Amino acid sequence: MGFESYVSQMPVAEGKSVQQTVELLTRKLEILGAEKQGTFCVDCETYHTAASTLGSQGQAGKLMYVMHNSEYPLSCFALFENGPCLIADTNFDVLMVKLKGFFQSAKASKIETRGTRYQYCDFLVKVGTVTMGPSARGISVEVEYGPCVVASDCWSLLLEFLQSFLGSHTPGAPAVFGNRHDAVYGPADTMVQYMELFNKIRKQQQVPVAGIR
């Protein structure tokens, strides 16, 4: 079955905590008639080009984001800054240890979102709490529409459904939809959206990812 997903950040409601806002969102979904369908997790760790590989010309290091998604338990995603997305099996994590001479993990860079999956007709909705270390940093919302694999074919339908429970907080179409307007949507496109969401939350929290360990 095909699928297309939209990933966004939900602002924390005024006077509420992250957890209270998540509860408000999930309650709205349950009122709509959505049913719980287990849990999900997406995580991301940032790697920098090792200093020893940069030479003496003042070259800027590149970033690589190694990500996992519980929807694809046998896969690992490596997203390069302004570059392609590599989909590998879970042994890629072992390979990164062996590549520490080329890529090194940034300090305090691990970020993840966890939460509950809800099924509503052909929509699968995932509302998660984004954490860095022990602290909640934000809220993620992913809406997947099962019957569609081309962004231009169902964005208006996705938008209408998003507005039904996000209201005025519904943002515009993500960049990946514009870049692949008539192309077949795939798991890598979802991971790109999560990478952009995590980087946005990092910047909001002003947590640097520049240190090398």
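Residues numbered from 1 in each chain as written. Predicted model: local features only at pLDDT ≥ 70, side-chain atom pairs only at ≥ 80, totals over all residues. Heavy atoms only, no water.

Named according to an unreviewed UniProt entry, the protein is Mediator of RNA polymerase II transcription subunit 20 originating from Propithecus coquereli. On record in UniProt, under Subcellular location (unreviewed entry), the comment for the protein is "Nucleus". (UniProt positions renumbered as here; feature names shortened; annotations may be inferred.)

Novice: Is there a simple way to explain the environment of methionine 67 in this structure?
Specialist: Residue placement: methionine 67 occurs in strand E3 (residues 63-69). On the accessibility criterion, methionine 67 (0% relative accessible area) is buried. The spacing of methionine 67 and threonine 46 is 21 residues in sequence and 8.8 Å in space, taken between C-alpha atoms. Apart from the residues lying within four places of it in its own chain, the contact partners of methionine 67 are Val42, Asp43, Cys44, Cys76, Phe77, Leu79, Met191, Tyr194, Met195 and Phe198. (Helix = DSSP H or I, 4+ residues; strand = E, 2+ residues; numbered from the N terminus. Buried < 20%, exposed > 50% of the residue type's maximum accessible area, 1.4 Å probe, protein only. Contact = heavy atoms within 4.5 Å.)

Novice: Just to check I follow, could you spell out the packing of aromatic side chains for this structure?
Specialist: The description of an aromatic ring pair uses the distance of the two centres, along with the angle that the planes make with each other. Under the defined criterion, the tally for this structure stands at six aromatic pairs. Ring geometry for tyrosine 72 versus phenylalanine 77: centroids 5.9 Å apart, planes at 70°, classification edge-to-face. Accessibility expressed as a relative area gives 1% for phenylalanine 77, which makes it buried. An angle of 15° between the planes, with centres 5.6 Å apart, marks the rings of tyrosine 120 and phenylalanine 161 as stacked. Of the two residues, tyrosine 120 is situated in strand E7 (residues 111-120) and phenylalanine 161 in helix H3 (residues 151-166); the sequence distance between them amounts to 41 residues. By relative accessible area, tyrosine 120 is classed as partly exposed at 25%. (Phe/Tyr/Trp six-rings, centres within 6.5 Å; stacked < 30°, edge-to-face > 60°.)

Novice: Looking at this structure, how should I read the pattern of salt bridges?
Specialist: One side chain can pair with another of opposite charge once the charged atoms of both are near each other. One pass over the full model with this rule turns up five salt bridges. A salt bridge links arginine 114 to glutamate 112, with the nearest nitrogen and oxygen atoms 2.8 Å apart. One salt bridge in this structure joins lysine 126 and glutamate 142, with 3.5 Å as the shortest N-O distance. Here lysine 126, found in strand E8 (residues 123-132), pairs with glutamate 142, found in strand E9 (residues 135-145); they are 16 residues apart in sequence, far enough to count as distant. Across the pair, glutamate 142 and lysine 126 agree in class, each one buried. A single salt-bridge network, built from bridges that share partners, covers Glu71, Arg117, Lys126, Glu142 and Glu144. (Salt bridge = Lys/Arg side-chain N within 4 Å of Asp/Glu carboxyl O.)

Novice: Just checking my understanding: could you explain unusual backbone geometry for this structure?
Specialist: Peptide bonds are trans in most cases, and residues, glycine excluded, mostly fall at negative phi. Located in the positive-phi region is cysteine 121, a residue other than glycine, with phi close to 55°. Residue placement: cysteine 121 occurs in the loop between E7 and E8. For cysteine 121, a relative accessible area of 60% translates into the label exposed.

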